[in-house]
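If you want the building blocks of each chain, they are given just below.
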Amino acid sequence: MRDRMPRYFFLLSMVILGLVAAALFQAARPPWKKYQREFYALEAQHEPNAAAKESVLKTPLAINQILLPGLQRVDRCTTCHLGVDDPSMKGAREPFAYHAGIQQHPPSKFGCTVCHGGQGLATDKEPAHGHVAHWEEPLLPREYARASCGKCHTKGDVSEAPELAQGRRLFDTHGCRGCHKLNGVGGSIGPDLSREGATRRDPEWLVRHFLKPQSVSKGSAMPDFGFTRNQARDLTFYMLSLTGEEMGNYYTSKDVLPSPAYGRQLFAEKNCLTCHAVGGVGGQGGPDLQGTAQRHSSEWLDEHFVSPTLVFPGSSMPAYDLEPNARAALIRYLAAATPADARSILAAHPKSLSAEEMAIEAGRLSFEHYGCVGCHGENAKGGVPNPNSQGGQVPSLIHVADDYTKPEILSLIRRGKMPPLKDASKPAPPLYMPAWKGTLNEEDLKNVVEYIWSLKPKEESSW
Ligand code: HEC
Ligand code: HEC
Ligand code: HEC
Ligand code: HEC
Ligand code: HEC
Ligand code: HEC
């Protein structure tokens, strides 16, 4: 037994030595080196010239990293994804393929993780793709990568990702703010959503939650809005774009993309047609704008928008305070404007509203924007369940004008109210009327009351 010990010891040492050697071998041959060799072999195939082929094959292997101080990231994805900006790699297998569609966002300025997620610094596949414990940002599934466009293009439409604008519209019209804060505005019954896309990165969870909140969050007080699958997807895109990340000025400089559609919206809002015609349709106070994009360069048009009198001394055109993207959008629209479109803008021109109608409309918008809709239902018709409150639902507001005076309602909205319990032995109802003092200013409050008053069915009022 005794003389066997050295032999065991020897065997054990050999095992340890073997492990150390294997580890050293591994460290000298990390998988990324294998990918790089494969890539250069692939590239060399396209080289007809033998010397060039040789030099491609001899490219030194190295970790590629992109420093992105403005995005507070360092991305090493191009250590393996070597063909992203090489068009001859179109259709090559991953990770070597050419990346179509990022010409506006070159890897040298944008890296990869700002759109895809993943762990920028890692050089092994699984950790880089973020599929490891304690990394909160795994790669987004491919079909949801476009949600990231909304991190920077935060307003208006992104034509490649229409889901974002749809989702934002649903958010604004369904009263989500009544229970959720977003960028400081909103209620506190549900969690703050300002960083939802950073903390909840599982799109399937979000979709299922929107389709039926109670199916993934037991007993959730969030109403089932009866969303369709597409609507749930749109909202999920929007949620994933809300990451609350700090980004440098350059990256947020295009919060609105200067699309012709945005230009058209401005053209209509600013009433350009009161002075200008397009192909004869519109006003006569300034030159006809058909062909103006051919008569002038974009630079000229841009400067003219900044200061008409500087470009055209004595011009009677007003100087609009338009930010650069708005000016670019108008210029793109002008290049495409047609008389038929001018006619449709004039036809859609809103009729003028009375002061009272304006107050009601402003109140309706606040009712949507601040999320009253989320609890009181669309058009304040009620129907949102509130277990153990009297009536079992958040009340409809259609008949408020019968039960209260305007000052009473003003003060109720300012101060909020806990609903009385139906059964004192059961838990309190999840939804209560929040205090809105401080969130809505006096003007908003008055308008909201006018809106609520306008809901009272007409045949019953004042007769
Ligand atoms: C060690 C090499 C390696 C690194 C580093 C790497 N990848 Fe990959 N990646 C691959 C390989 C290989 C594939 C092919 C699919 C597979 O094997 O999973 C791939 C596939 C992908 C795909 C498409 C498939 C999917 O799951 O959606 C995306 C997107 C992607 N990588 C993004 C990234 C990003 C972003 C980074 C940097 C954070 C990164 N990769 C870093 C090797 C790498
Ligand atoms: C501006 C955002 C953006 C940036 C930056 C970006 N990508 Fe992509 N990438 C996308 C989108 C969107 C798709 C999905 C396209 C589609 O729907 O087919 C995609 C697709 C891919 C795919 C193919 C996925 C598949 O399954 O076919 C890979 C791989 C990939 N990207 C890797 C990268 C790497 C590596 C970088 C950095 C060099 C990068 N991307 C930078 C937005 C981006
Ligand atoms: C990290 C911020 C960021 C993300 C994410 C991002 N963009 Fe951009 N985008 C920019 C910036 C900044 C520019 C302006 C680039 C320049 O001109 O130097 C731009 C330019 C564009 C343009 C051209 C604008 C023009 O002047 O016509 C389009 C279109 C666009 N982005 C669409 C997208 C789409 C689609 C996605 C998602 C796949 C996306 N962007 C993701 C910041 C971003
Ligand atoms: C009547 C109040 C109420 C309204 C209105 C409401 N929610 Fe919620 N929401 C909640 C509550 C409470 C939770 C927490 C319980 C849960 O996960 O369902 C929640 C959870 C969520 C979550 C999951 C947060 C997380 O990561 O855990 C998201 C996302 C969300 N809501 C989005 C929305 C959107 C978008 C709307 C508008 C369409 C909306 N909510 C309307 C009350 C509400
Ligand atoms: C988080 C859910 C929630 C939100 C958001 C909410 N309310 Fe309420 N509201 C309630 C509940 C619950 C009651 C019933 C209180 C009670 O039973 O006395 C109520 C009561 C009211 C009443 C009195 C109705 C009556 O018949 O007694 C008015 C008016 C009202 N809310 C207006 C508003 C306005 C305006 C907003 C938006 C600025 C708003 N509410 C947002 C939950 C909400
Ligand atoms: C109060 C009347 C008035 C309004 C409103 C007005 N403009 Fe003008 N605009 C003029 C006049 C006058 C000129 C000719 C003098 C000049 O070039 O500044 C002009 C010139 C122009 C030109 C140069 C045309 C050319 O081919 O030389 C463009 C482009 C233009 N306006 C666009 C617009 C747009 C877009 C709007 C709305 C945002 C607008 N204008 C609103 C009066 C107006």
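Residues numbered from 1 in each chain as written. Chains lettered and ligands numbered in written order. Predicted model: local features only at pLDDT ≥ 70, side-chain atom pairs only at ≥ 80, totals over all residues. Heavy atoms only, no water.

This brings us to the packing of aromatic side chains. A complete count under the given rule lists 12 aromatic pairs for this structure. When the ring of Phe110 is compared with that of Tyr250, the centres are 6.0 Å apart and the planes differ by 55 degrees; the resulting orientation is tilted. Of the two residues, Phe110 is situated in helix H4 (residues 107-110) and Tyr250 in helix H13 (residues 249-252); the sequence distance between them amounts to 140 residues. Taking relative accessible area as the criterion, Phe110 reaches 12% and is therefore assigned buried. These aromatic residues form a ring-pair network of at least three members: Tyr35, Phe39, Tyr40 and Phe96. (Phe/Tyr/Trp six-rings, centres within 6.5 Å; stacked < 30°, edge-to-face > 60°. Helix = DSSP H or I, 4+ residues; strand = E, 2+ residues; numbered from the N terminus. Buried < 20%, exposed > 50% of the residue type's maximum accessible area, 1.4 Å probe, protein only.)

This part takes up the pattern of salt bridges. Under the definition given, this model contains 19 salt bridges. Glu54 is paired through a salt bridge with Lys58; the nearest N and O atoms lie 2.9 Å apart. You can call Glu54 partly exposed: its relative accessible area is 41%. The exposure class assigned to Lys58 is exposed, which follows from its relative accessible area of 60%. A salt bridge links Glu450 to Lys406; the shortest N-O distance between them is 3.2 Å. One end of the pair, Glu450, is in helix H24 (residues 442-454); the other, Lys406, is in helix H23 (residues 406-415), and 44 residues separate them in sequence. Overall, the relative accessible area of 24% leaves Glu450 in the partly exposed class. Given the relative accessible area of 32%, Lys406 is considered partly exposed. Through salt bridges with shared partners, a single network forms among Glu143, Arg146, Glu163 and Arg233. (Salt bridge = Lys/Arg side-chain N within 4 Å of Asp/Glu carboxyl O.)

Looking now at the site of ligand 6. Ligand 6 sits among 23 residues. The nearest are Cys272, Cys275, His276, Ser315 and Met317. Contact between ligand 6 and His296: an oxygen atom at 2.8 Å from a side-chain N or O atom of the residue. The set of elements that each furnish at least two residues to the shell around ligand 6 consists of helix H15 (292-295) and helix H16 (298-306). Considering each element in turn, the shell around ligand 6 owes the most residues, 4 residues, to H16. Across the shell around ligand 6, the residue classes tally to 13 nonpolar, 8 polar and 2 charged. (Near = heavy atom within 4 Å. Polar contact = N/O pair within 3.5 Å; in protein donor to acceptor, adjacent residues only side chain to side chain. Nonpolar A, V, L, I, M, F, W, Y, C, P; charged D, E, K, R; others polar.)

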